[in-house]
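Here is what each chain is made of, one letter per residue.
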Amino acid sequence: MAVATITTKPFETLPTTVRKPLPAGRPREWYETHNRRLKAMRLAIALLDSGVYEATSASNRRIRIAASRIGIHPPSDTTCRMVRALIRSGR
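What you see is a predicted model, and the numbers here were worked out from it, not measured in a lab. (Residues numbered from 1 in each chain as written. Predicted model: local features only at pLDDT ≥ 70, side-chain atom pairs only at ≥ 80, totals over all residues. Heavy atoms only, no water.)

Chemist: When you look at the packing of aromatic side chains in this model, what are you seeing that I'm missing?
Modeler: Two measures describe an aromatic ring pair: the distance that separates the ring centres and the angle between the ring planes. As enumerated under the stated definition, the model contains one aromatic pair in all. Seen in terms of ring centroids, Trp-30 and Tyr-31 are 5.1 Å apart; in terms of plane orientation they differ by 90 degrees. Their pairing is edge-to-face. Under the relative-accessibility criterion, Trp-30 is labelled partly exposed at 28%. A cation sits over an aromatic face here: Arg-26 above Trp-30, 4.5 Å from the ring centre. (Phe/Tyr/Trp six-rings, centres within 6.5 Å; stacked < 30°, edge-to-face > 60°. Buried < 20%, exposed > 50% of the residue type's maximum accessible area, 1.4 Å probe, protein only. Lys NZ or Arg CZ within 6 Å of the ring centre and 35° of its normal.)

Chemist: Looking at this structure, I do not really get helix H2 (residues 60-70). What am I missing?
Modeler: Each α-helix winds once per 3.6 residues, and so residues spaced three or four apart point in a common direction. Those residues of H2 not exposed but buried are Ile-63, Ala-66 and Ala-67. One side of H2 holds all its buried residues, which, seen down the axis, span an arc of 105 degrees. Those residues of H2 that are exposed and angled more than 90 degrees off the buried face are Arg-61, Ser-68 and Arg-69. The elements touched by buried residues of H2 are helix H1 (28-49) and helix H3 (77-89). Just downstream of H2, Gly-71 is the residue with a positive phi angle, here 85 degrees. (Helix = DSSP H or I, 4+ residues; strand = E, 2+ residues; numbered from the N terminus. Arc of directions from axis to C-beta. Contact = heavy atoms within 4.5 Å.)

Keep in mind that these numbers describe shape and distance, not what the molecule does.
Following this line, the structure appears as structure tokens:
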């Protein structure tokens, strides 16, 4: 009888994302907004995974706690508003 072997890598060794360089020649505001949107998406996913499904229950404090849990810098008030908008628009 043949024995199956596991050929996948453990979760810790998998790459998180493949990053491509951002396009050159854009205004600085574009890069700031782009990075803010990425951060807001990461935080919204973390909150949804932790059980926060309502935008009204996602306070700035709760969003900042989620940021510290996943290891990113605390978000600004603007980023917190974007996180709530992402959670709200997911319905």
